[in-house]
Amino acid sequence: MAGILFLISAPSGSGKSTLVNQLRSLVDGLDFSISYTTRAPRGSEQDGREYHFVSRDQFLAMVEGGGFLEHAEVFGNFYGTPRESLTLAAQHGRDLLLDIDVQGADQVRQSMPDAVSIFVLPPNPEVLEMRLRNRSRAEGSVADDVIERRLAKARSEIQNYRQYRYILVNNILDKAVAELTAIVKCERLKRGVPENGSAAGDSMHLADLAQRCRQGNVNGLEGVLRSFGLGAQMRLPNQQLFQPDGE
Ligand code: ADP
Ligand code: 5GP
């Protein structure tokens, strides 16, 4: 595709959907791919808005027909990105954002290495659990086993953070929204796409904000990883660091 492909992943409950919704209200020219899923709608979700909700048979027929750019099984349900999202974004000259899990991001990176990937982290497991519980309560059901499963999965997903170009710690919402917006605008500026109404000083501020989210530059990341029991792993000697964008 001609525009920029953004991938965003996070452990469930980190606040990724909240961030993406705010981003979409703040930047123009960015399409959001609506995935297909076999899970049931949650809370106020509507078919065709958050997801296309389909049966397993319908999903598998789409897989057979080559309709997905990538697909994966997450928490016992299938999720997939329709190829059509890329076609439409390319036709309209827009950038495209995919909200996908770490397996899906891996698949997309193989075929589209220029994709700009962003990993969202909650500040610590306690906050993650609180957000998962608050969201479940707001949706009218708090199933302890579901929350436990999501917390356990968070730790294994976080281990993949090195595969991502940018890391966002979603602690204070406004700050994380500003950082995510800066990443998108800065990647556009890098490709020579001017930001409407941005002065040179704004561009420098955006670049600085985005740069601080580059993997390797993130203040306090070690503390976040340690809180998930992953601190020691960071200090393993001779560990190969993945170069997410070959720069
Ligand atoms: P995800 O899409 O990553 O599963 P959500 O966007 O649904 O997560 O957020 C989970 C819950 O956390 C929601 O109730 C949301 O309002 C809340 N939340 C998100 N970001 C923050 C934040 N920075 N501070 C406090 N609460 C947040
Ligand atoms: P949820 O059910 O909470 O909306 O999403 C569960 C997980 O599925 C999240 O990590 C989300 O990013 C991921 N997901 C949503 N759509 C897709 C998709 O099209 N492909 C893949 N691989 N994962 C997806």
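Note that the structure is predicted; figures quoted are calculated from it, not measured.

(A) Molecular detail of the pairing of strand E7 (residues 95–99). In terms of burial, E7 is largely enclosed, as five of its five residues are buried. Alignment of strand E2 (residues 30–32) against E7, held across three bridges, turns out to be parallel. Following the sheet pairing, Leu30 is matched in E7 by Asp95.

(B) Summary view of helix H4 (residues 102–111). Along H4, the residues that are buried comprise Val102, Gly104, Ala105, Val108 and Arg109. Taken down its axis, H4 places every buried residue within 155° of arc, on the same side.

(C) Focus on the site of ligand 1. Around ligand 1, 13 residues are found, and the nearest of them are Gly13, Ser17, Thr18, Arg135 and Asn170. Within the backbone of Gly13, a nitrogen or oxygen atom sits 2.7 Å from an oxygen atom of ligand 1. Contact distances for ligand 1 include 3.2 Å between an oxygen atom and a backbone N or O atom of Ser14. In the complex, the protein chains occlude 74% of the 560 Å² of accessible area that ligand 1 would expose alone.

(D) Looking closely at the sheet that holds strand E9 (residues 166–169). Read across the sheet, five strands follow the order E2-E7-E1-E8-E9 without closing on themselves; strand pairing throughout is parallel. The open sheet is flanked by E2 and E9, the only strands paired with a single partner. On average, adjacent strands in this sheet sit at an angle of 25° to one another, irrespective of strand direction. Pairing geometry for strand E8 (residues 116–121) and E9, over four bridges, is parallel. Of the residues in E9, the one forming a bridge with Phe119 is Ile167.

(E) Focus on the side chain of Glu179. In this fold, Glu179 is placed in helix H7 (residues 173–190). Residue classification places Glu179 among the buried positions, given a relative accessible area of 10%. If we ignore the near neighbours within four places in the chain, the residues touching Glu179 are Leu168, Leu209 and Cys213.

(F) Inspection of the nonpolar core at higher detail. Counting 31 residues, the largest nonpolar core has Leu5, Leu7, Leu98, Val108, Phe119 and Ile167 as the members making the most contacts within it. The element contributing the most residues to this core is helix H6 (residues 144–158), with four residues. When near neighbours in sequence (up to four residues on either side) are disregarded, Leu98 contacts Leu5, Phe6, Leu7, Ile8, Ser33, Leu69, Thr81 and Val108. Core analysis: the second largest hydrophobic core is formed by 24 residues, Ala10, Leu97, Val116 and Ala210 among them.

(G) Local environment of the site of ligand 2. Lining the immediate environment of ligand 2, one finds 17 residues, of which Lys16, Ser35, Arg39, Tyr51 and Tyr79 sit closest. Within the contact set of ligand 2, an oxygen atom lies 3.2 Å away from a side-chain nitrogen or oxygen of Arg42. The side chain of Asp99 places a nitrogen or oxygen atom 2.7 Å from an oxygen atom of ligand 2. For ligand 2, the protein covers 95% of the area, taking 510 Å² as the surface of the free molecule. Residue assignment for the shell around ligand 2 shows that the elements contributing at least two residues are strand E5 (68–74) and strand E6 (77–82).

How each quantity is defined
All residue numbers refer to positions counted from 1 along the written sequence of the respective chain. Chains carry letters and ligands carry numbers; both start at the beginning, A for chains and 1 for ligands, and go up in the order they are written. Whole-chain, interface and lining totals are the exception, using all residues; otherwise, since this is a predicted model, local features are given only for residues with pLDDT of at least 70 and side-chain atom pairs are given and counted only at 80 or more. Derived side-chain values reflect all non-hydrogen atoms in the structure, with water molecules and hydrogen atoms excluded from consideration. Accessible area is worked out with a 1.4 Å probe on protein chains only. A residue is then buried under 20% of its type maximum, exposed over 50%, and partly exposed in between. Put simply, DSSP H or I for four residues or longer makes a helix, DSSP E for two residues or longer makes a strand, and each gets a number counted from the N terminus. The rule for pairing is simple: two strands pair if DSSP sees at least two bridges between them. As used here, the arc belongs to the directions running from the helix axis to the C-beta atoms. Any residue with a non-hydrogen atom lying within 4 Å of a molecule or strand is treated as near it. A 3.5 Å cut-off defines polar contacts: any pair of N or O atoms within that distance qualifies, except that in protein one atom must be a possible hydrogen donor and the other a possible acceptor, and neighbouring residues in sequence count only when both atoms are side-chain atoms. Accessible surface is estimated by sampling points in the Shrake-Rupley manner with a 1.4 Å probe; for residues, cover comes only from the protein chains shown. Here an axis means a line fitted to C-alpha atoms, over the contact stretch when the element is a helix, while the angle between two N-to-C directions is reported on a 0 to 180 degree scale. In this description, contact between two residues means that some pair of their heavy atoms is separated by no more than 4.5 Å. The nonpolar core is taken to be a set of buried Ala, Val, Leu, Ile, Met, Phe, Trp, Tyr and Cys residues, with the residues joined through side-chain atoms within 4.5 Å.

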